[in-house]
Amino acid sequence: MVLSKVVTIFVAVLSISLLLINNGVEAFHKVYPHLQSVSAISVSEVHRTGYHFQPPRNWINDPNGPMYYNGYYHLFYQYNPKGSVWGNIVWAHSVSKDLINWKALEPAIYPSKPFDKYGCWSGSATIVPGKGPVILYTGIIDEKNTQVQVYAIPEDPTDPLLRKWIKPDAINPIVIAGQGVNGSAFRDPTTAWMGKDGRWRMLVGSRRKHRGMAYLYRSRDFVKWVRAKHPIHSKTTTGMWECPDFYPVSLKGKVGLDTSIEGNHVKHVLKNSLDMTRFEYYTLGTYLTDKDKYIPSNTSEDGWGGLRYDYGNFYASKSFFDQSKNRRILWGWANESDSQDDDVKKGWAGIQAIPRTVWLDPTERQLVQWPVEELNVLREKEVSMNNQKLEKGNHVEVAGITAAQADVEVTFSFSSLDKAEAYDPSWVNAQDLCSQKGSKVQGGVGPFGLLTLASENLAEFTPVFFRVFKAPSKHVVLLCSDATSSSLTSNLYKPSFAGFVDVDFATKKLSLRSLIDHSVVESFGEGGKTNILSRVYPVLAVANQANLFVFNNGTEPIIVENLKAWSMKSAELI
Ligand SMILES: *[C@@H]1O[C@H](CO)[C@@H](O)[C@H](O)[C@H]1NC(C)=O
Ligand SMILES: *[C@@H]1O[C@H](CO)[C@@H](O)[C@H](O)[C@H]1NC(C)=O
Ligand SMILES: *[C@@H]1O[C@H](CO)[C@@H](O)[C@H](O)[C@H]1NC(C)=O
Ligand SMILES: *[C@H]1O[C@@H](CO)[C@H](O)[C@@H](O)[C@@H]1NC(C)=O
């Protein structure tokens, strides 16, 4: 790999859009009319990922309609074919046999009808028995961003790649906002499920004033949809609910379930992406099928401080049931942490996180996620470290792999929790705590963990680390992924992302896996209980100048019991 590869792709046609688009009120649809149709002169490769999903150039956001059908995984995603900031959105389409290597097809859905003339926004796929795959998505019908729901099916259901999609005029749009529903806040239909009464159900995200909500619609034939009297769930002060996702998880084991499964052996998950905070949260709960109501469990906080799939940069996520391997898979979008001008210069923006298998933790208090097993086929050179002791202030290199494109799994242990720092009950926000107590603030038990994308002299590094605190009746564990020192470049968003980890300390061990990929560090704490994705843009720690270390900055000595790290091959994205 070379330090800075700049591949010239196109002779630029700098077409600057003269369209005057009203400035979308929602943060995510913030528009930069002067930038949205500026095509890339060249694509800067230095921070492009090697094995995360991203197209060769341009802007991407939400994953859409993921599914497995007739031997292929399909990933659609929001894509600007003309530039590297949001705008001109179509559904790009890629297919894969293994969720890691992808082949790009022509965009599947793009504005072509009065009901989607101003945009084809997010949506979901449902495989309807006897009918095949159906996509429901949000069409934009005017310059005021009025939203309706649209029905699309493959033109030729026998085409294994499902290349062409049609939107029958006779039935579309299938849902309009209707009485009492805010038509400019009415989007992102979910995958549908079938109730015991034989009727299909699906949700559409919305808000009423500041109350976030998911409207419920029912249909017998998937074409005529009627809104239920009550939303399936709503919550005050949470603002617009984007990209709701609603599905069952099994009480036993990691097996995933078809979205229509219900009963005593399952819990349900409701996830929403909060436009006001640009973070997601989910609750676990009970789906009362007779009333078509969802009730979050009393162990799940229903609101801004609730459980998160990921405590970093991860939004607009969507899951699907993979019937070929009986698992549920979660996709999420990670945006950039640089500026729009940087994105225009580098010619691309946005990646998809590595798809994750998701299941219910045996405690039934949270979900657990883990990168799909197929990722392991990209592992090549392996190095390991065993029983390495780390005293306070030590950092030891994990040498011999391509540290800018790597996968590392490590288990740390320690012999006592006595030195854990006292926990102050006012520390309820993990991210604030991490920004106060970064890797440079020495502690008792921790901070210890990995220094990823580190330059040799640690002028740049992104630490991913644990820190253990002692509260009156338990220990509190913090996992941080701190971008503060990630780059010598100023003018970047460098958050100290963090989450608490629900740990049973019987063993005095903590485990961590990090997927390191040039400008992304995607970490899974304690087997996937607390996960954090960070986007970072080092200038020194790039390509073969990047290093990986283990470190400890707490007084309690830490043992690296077992560490395995791999150089990762690049995925094929053609
Ligand atoms: C309808 O939604 C839009 C977009 O979120 C918002 O600006 C507007 O205030 C909402 N209207 C009402 C009455 O809540
Ligand atoms: C939560 O509900 C369960 C029953 O479902 C009950 O046993 C438990 O005490 C409740 N916990 C709290 C904190 O209310
Ligand atoms: C460990 O703490 C010392 C003292 O604050 C600091 O100089 C050093 O940078 C820290 N190490 C890391 C990896 O943050
Ligand atoms: C990603 O970019 C950062 C920096 O600009 C913003 O602060 C985030 O709000 C944004 N996240 C999403 C989901 O849009």
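Residues numbered from 1 in each chain as written. Chains lettered and ligands numbered in written order. Predicted model: local features only at pLDDT ≥ 70, side-chain atom pairs only at ≥ 80, totals over all residues. Heavy atoms only, no water.

Chemist: Honestly, the overall build of the protein in this entry has me stumped. Any pointers?
Modeler: Scanning the protein from N- to C-terminus turns up 2 helices and 39 strands. The C-alpha atoms of the protein give 23 Å as radius of gyration, which agrees with the globular expectation for 574 residues (25 Å, within 12%). The buried share of the protein, taken over its 574 residues, is 61%. Sequence-distant contacts, at least 24 apart, represent 64% of the contacts inside the protein between residues at least 6 apart. Accessible area for the protein stands at about 22,000 Å²; split by element, carbon and sulfur atoms hold 52% of it. (Helix = DSSP H or I, 4+ residues; strand = E, 2+ residues; numbered from the N terminus. Rg over C-alpha atoms; globule rule 2.2 N^0.38 Å. Buried < 20%, exposed > 50% of the residue type's maximum accessible area, 1.4 Å probe, protein only. Contact = heavy atoms within 4.5 Å. Areas by Shrake-Rupley, 256 points an atom, 1.4 Å probe, with all protein chains shown as cover.)

Chemist: What should I look at first to understand the packing of aromatic side chains in this one?
Modeler: What characterises a pair of aromatic rings is the spacing of the ring centres plus the angle enclosed by the ring planes. Throughout the structure, instances matching the rule amount to 34 aromatic pairs. Ring centres of Phe 448 and Phe 466 lie 5.9 Å apart, and the angle between their planes is 45 degrees; this geometry places the pair in the tilted category. Of this pair, Phe 448 sits in strand S31 (residues 445-454) while Phe 466 sits in strand S32 (residues 462-470), and the two are 18 residues apart along the sequence. Both residues of the pair, Phe 448 and Phe 466, count as buried. What links up through ring pairs into an aromatic cluster is the set Phe 53, Tyr 77, Tyr 79, Trp 102 and Trp 331. When the ring centre of Tyr 215 is taken as origin, the NZ or CZ atom of Arg 227, which lies over that ring, is 5.4 Å away. (Phe/Tyr/Trp six-rings, centres within 6.5 Å; stacked < 30°, edge-to-face > 60°. Lys NZ or Arg CZ within 6 Å of the ring centre and 35° of its normal.)

Chemist: What am I meant to see in the pattern of salt bridges here?
Modeler: Side-chain pairs of opposite charge can arise where the charged atoms are in close proximity. Under the definition given, this model contains 32 salt bridges. Ionic pairing is found between Arg 218 and Asp 292, a salt bridge with its closest N-O pair at 2.8 Å. In this pair, Arg 218 sits in strand S14 (residues 211-219) while Asp 292 sits in the loop between strand S19 (279-288) and strand S20 (293-296), placing the two residues 74 residues apart along the sequence. The salt bridge partner of Glu 561 is Lys 509, with a shortest N-O separation of 3.1 Å. Of this pair, Glu 561 sits in strand S39 (residues 558-568) while Lys 509 sits in strand S35 (residues 509-517), and the two are 52 residues apart along the sequence. (Salt bridge = Lys/Arg side-chain N within 4 Å of Asp/Glu carboxyl O.)

Chemist: Just checking my understanding: could you explain the state of the cysteines for this structure?
Modeler: Disulfide: a covalent bond connecting the sulfur atoms of a pair of cysteines. Using the criterion set out here, one finds 1 disulfide in the structure. Across the disulfide from Cys 434 sits Cys 480; the S-S distance is 2.3 Å. Of the two residues, Cys 434 sits in helix H2 (residues 430-436) while Cys 480 sits in strand S33 (residues 475-482), which places them 46 residues apart along the sequence. Cys 480 carries the same exposure label as Cys 434, and that label is buried. Cys 243 forms no disulfide, and the closest cysteine sulfur to it belongs to Cys 120, at a distance of 15 Å. (Disulfide = S-S within 2.5 Å.)

Chemist: Even after reading the chapter, I still don't get unusual backbone geometry, so can you show me in this structure?
Modeler: For the bond from Asn 172 to Pro 173, the omega torsion is -5 degrees, close enough to zero to count as cis. Tracing the backbone shows Pro 173 in the loop between strand S10 (165-166) and strand S11 (186-187). In this chain, Gly 446 is followed by Pro 447 through a cis amide linkage whose omega measures 5 degrees. Structurally, Pro 447 can be placed in strand S31. The phi dihedral of Asn 145 falls on the positive side, at around 65 degrees, and the residue is not glycine. Examined against the element boundaries, Asn 145 turns out to sit in the loop between strand S8 (132-140) and strand S9 (147-154). On the basis of relative accessible area, Asn 145 is assigned to the buried category, the value being 16%. The phi dihedral of Asp 292 falls on the positive side, at around 55 degrees, and the residue is not glycine. For Asp 292, a relative accessible area of 3% gives the class buried.

Chemist: Is there a simple way to explain the site of ligand 3 in this structure?
Modeler: Surveying the vicinity of ligand 3 reveals the residues Ser 439, Lys 440, Gln 442, Leu 451, Phe 461, Phe 551 and Asn 553. At a separation of 2.7 Å, an oxygen atom of ligand 3 approaches a polar side-chain atom of Ser 439. Between Lys 440 and ligand 3, the recorded distance is 2.6 Å, taken from a backbone N or O atom to an oxygen atom. Summarising the interface, the protein chains cover 63% of the accessible area of ligand 3, which totals 360 Å² for the free molecule. Split into classes, the residues belonging to the shell around ligand 3 amount to 3 nonpolar, 3 polar and 1 charged. (Near = heavy atom within 4 Å. Polar contact = N/O pair within 3.5 Å; in protein donor to acceptor, adjacent residues only side chain to side chain. Nonpolar A, V, L, I, M, F, W, Y, C, P; charged D, E, K, R; others polar.)

Chemist: Sorry if this is basic, but what is going on with the sheet that holds strand S6 (residues 103-109) here?
Modeler: Backbone-to-backbone hydrogen bonds pair the strands of a sheet. The strands run either parallel or antiparallel. On the basis of which strands lie adjacent, the open sheet formed by 5 strands has the order S6-S5-S4-S3-S23 and mixed pairing. Only two strands of the sheet have a single partner each, and these edge strands are S6 and strand S23 (348-349). Pairing of strand S3 (residues 58-69) with S23, which is carried by 2 bridges, proceeds in the parallel orientation. The residue bridging Asn 58 from the neighbouring strand is Trp 348, located in S23. (Pairing = 2+ DSSP bridges.)

Chemist: I would appreciate a short explanation of a nonpolar patch on the surface in the present structure.
Modeler: Judged by side-chain polarity, Leu 488, Val 539 and Leu 540 come together as a nonpolar surface patch covering roughly 250 Å² of accessible area. On the accessibility criterion, Leu 488 (51% relative accessible area) is exposed. (Patch = residues over 30% accessible without salt bridge, like charges linked within 9 Å, V, L, I, M, F, W, Y side chains within 5 Å.)

Chemist: How should I be thinking about the side chain of Arg 48 in this particular structure?
Modeler: Within the fold, Arg 48 resides in the loop between strand S2 (42-44) and S3. Under the relative-accessibility criterion, Arg 48 is labelled buried at 11%. If sequence neighbours within four positions are ignored, Arg 48 has contacts with Val 43, Gln 54, Pro 55, Pro 56, Arg 57, Trp 348 and His 518.

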